[in-house]
Amino acid sequence: MENNLPHGWVVCSIGEILTAKKGKKPSSTIDEPRKGFVPYILIDEMEGKSIRTYTNDPKVSIIDESEVLLVWDGSIGKCGSGMKGAIGSTLVALKPLDKVPTKLLEYIIKQKNNFIKETSTGSGLQHINKDFFEICKIPLPPIAEQQRIVAKLDLLFGKLESNKQRLDKIPKLLKRFRQSVLLAAVNGNLTEDWRMKNNVEETAIDFIKRVKTVETKTEFLESEIDESWTSVQIGEVFEIVRGSSPRPKKDERYFAKEKTPFHWIMLSDFTDNTRNDVLIDTNESLTKEGTRFSRFVNQNDILVGVSGVYGVGRTCLLEIEGYIYDGIMAIKGVGEISFRKFIHYYLLLQRMKFLDAATGTSWPNINTTILKEYVFPIPPFEEQKEIVKRVEQLF
């Protein structure tokens, strides 16, 4: 290894370039800073969390900014520098020798993280090998080159951290973008240019009359966007049903031990098995006998969660047919796929309103009437297809 190193570099054990001191738990601590007390540093504080306690115990190990902290027990291998105070018993302070820069020692420790874990001891709680400082060999450059290496690594890691911060913002930006697209889709803004260029032959009212599955004497509400759109209470157009649970609940007679063709749809399936908000499978299934106690749904229906903090207002489309439990309602018979997707988009924006309308504090619940009376904006059929196409392109 030494023969392949640049001129002036040497191989040494890591223990030759440092001194180490183990931390110790103080006999007492206080919660507020006070004269004569120093911060008490544990793993959380080493990783950037605020100082929680302080100590003036004279027997603890005190470190300053020139030392590198290394987790010796538990989450071994984690390290950091730039802190001042007393260190806990799971930490070791490493002080560099011979003018070795503190940051270089920190980078070396980080680079040896896998070695630390591979040579660790302990079956439950991991400990760094007591011979680590002797068995860990490192290539060491001349002092002038050490400084240049640190400067270069600081620059590179600074850029890496900056990029990481930008990447961390992306999920929030995507969520905000998704919400803005959905809002534009259901308020008419997304297809405003389309309406100006296209003459609508079938208005929204014509469409609703064509797809209605329930009889009602109630007139449609006023148009929202322009004369081609309308607004309706969803219960005036489609049948809305609530699921039920097989009785007796969780009885083995009604739950198949092996998968059957009868899907048993629960709220947990909305997240465990969804693809782009489409339900493609379930975790449980029913026996044929058990299906007599549950509500049937198919690909023409939209599911809406109506119970629980996590469930209220969640919605999904279906690629399967099955049976729904009590915490789910179904908007039945929404045959046109573009209309199903449009209603689904609208529901995605309304979750907080559903939570506000729910009854119960510890376990909120939406009753059938609330969903039936909920007002939906409805565009003409051709515009529905255009809205769905544009949303899917943007997503």
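As a starting point, this report considers the structure included with it.

Basis of the calculations
Residues numbered from 1 in each chain as written. Predicted model: local features only at pLDDT ≥ 70, side-chain atom pairs only at ≥ 80, totals over all residues. Heavy atoms only, no water. Pairing = 2+ DSSP bridges. Helix = DSSP H or I, 4+ residues; strand = E, 2+ residues; numbered from the N terminus. Axes fitted to C-alpha atoms, helices over the stretch in contact; angles between N-to-C directions. Patch = residues over 30% accessible without salt bridge, like charges linked within 9 Å, V, L, I, M, F, W, Y side chains within 5 Å. Areas by Shrake-Rupley, 256 points an atom, 1.4 Å probe, with all protein chains shown as cover. Salt bridge = Lys/Arg side-chain N within 4 Å of Asp/Glu carboxyl O. Buried < 20%, exposed > 50% of the residue type's maximum accessible area, 1.4 Å probe, protein only. Disulfide = S-S within 2.5 Å. Contact = heavy atoms within 4.5 Å. Polar contact = N/O pair within 3.5 Å; in protein donor to acceptor, adjacent residues only side chain to side chain.

**Let's talk about the sheet that holds strand S16 (residues 284–286)**
Taken together, the four strands give an open sheet; going across it, the order is S16-S13-S20-S17, and neighbouring strands pair in mixed fashion. Each of the sheet's edge strands pairs with one partner strand only, and the pair in question is S16 and strand S17 (295–297). On average, each strand axis in the sheet is tilted by 45° relative to the strand beside it, whichever way the strands run. Looking at chain direction, strand S13 (residues 262–265) and strand S20 (residues 322–324) are connected through three bridges and run parallel. Counted as the bridge partner of Trp 264 is Tyr 323 from S20.

**Regarding a nonpolar patch on the surface**
A cluster of nonpolar side chains, Leu 167, Ile 170 and Leu 174, forms an exposed patch at the surface whose accessible area comes to about 280 Å². Among the secondary structure elements, Leu 174 is positioned in helix H5 (residues 143–187).

**Some points on the pairing of strand S18 (residues 302–305)**
Of the two faces of S18, both are covered, the one formed by Ile 302 and Val 304 as well as the one formed by Leu 303 and Gly 305. In this structure, S18 lies alongside strand S21 (residues 328–331), joined through four bridges in antiparallel fashion. Opposite Leu 303, over in S21, you have Ala 330 as the bridge partner. Summarising the sheet, S18 and strand S19 (residues 315–318) pair through two bridges and their orientation is antiparallel. By the bridge assignment, Val 304 is partnered in S19 with Thr 315.

**Here's the deal with unusual backbone geometry**
Among all residues except glycine, the phi angle is most often negative; among peptide bonds, the trans geometry is most common. Of note in this structure, Asp 98 is not a glycine but carries a positive phi near 55°. Its place among the elements puts Asp 98 in the loop between strand S9 (91–96) and helix H2 (102–111). Residue classification places Asp 98 among the exposed positions, given a relative accessible area of 65%. If you check the backbone angles, Lys 99 has positive phi at about 65° while not being a glycine. With respect to the helices and strands, Lys 99 occurs in the loop between S9 and H2. Lys 99 gets classed as exposed once you look at its relative accessible area, which sits at 71%.

**A closer look at the sheet that holds S9**
If you trace the four strands from one edge of the open sheet to the other, you get S2-S9-S6-S7, paired in antiparallel fashion. Each having just a single partner strand, strand S2 (18–22) and strand S7 (79–81) make up the two edges of the open sheet. Mean inter-strand twist for the sheet, computed between neighbouring axes without regard to direction, equals 25°. Across three bridges, the pairing between strand S6 (residues 68–71) and S7 is antiparallel. Bridge pairing in S7 links Leu 70 to Cys 79.

**A look at the state of the cysteines**
Taken as a whole and judged by the stated rule, the model has zero disulfides. Cysteine Cys 12 shares no disulfide, and the gap to the nearest cysteine sulfur, in Cys 136, comes to 9.3 Å. Note on Cys 12: relative accessible area 7%, which makes it buried. Given the relative accessible area of 1%, Cys 136 is considered buried.

**A look at the environment of Thr 55**
Summarising the element assignment, Thr 55 is placed in strand S4 (residues 54–55). In this structure Thr 55 comes out as buried when scored by relative accessible area, which is 1%. Along the primary structure Thr 55 and Tyr 323 are separated by 268 residues, whereas in three dimensions their C-alpha atoms are 62 Å apart. With sequence-adjacent residues up to four places away left out, Thr 55 is seen in contact with Pro 26, Ser 28, Thr 29, Gly 36, Phe 37, Val 38, Val 60 and Ala 86. Looking at Thr 55, its side chain comes within polar contact range of the main-chain oxygen of Ser 28, at 3.0 Å. Within the structure, Thr 55 has its side chain in polar contact with the backbone nitrogen of Asp 57 (distance 3.1 Å).

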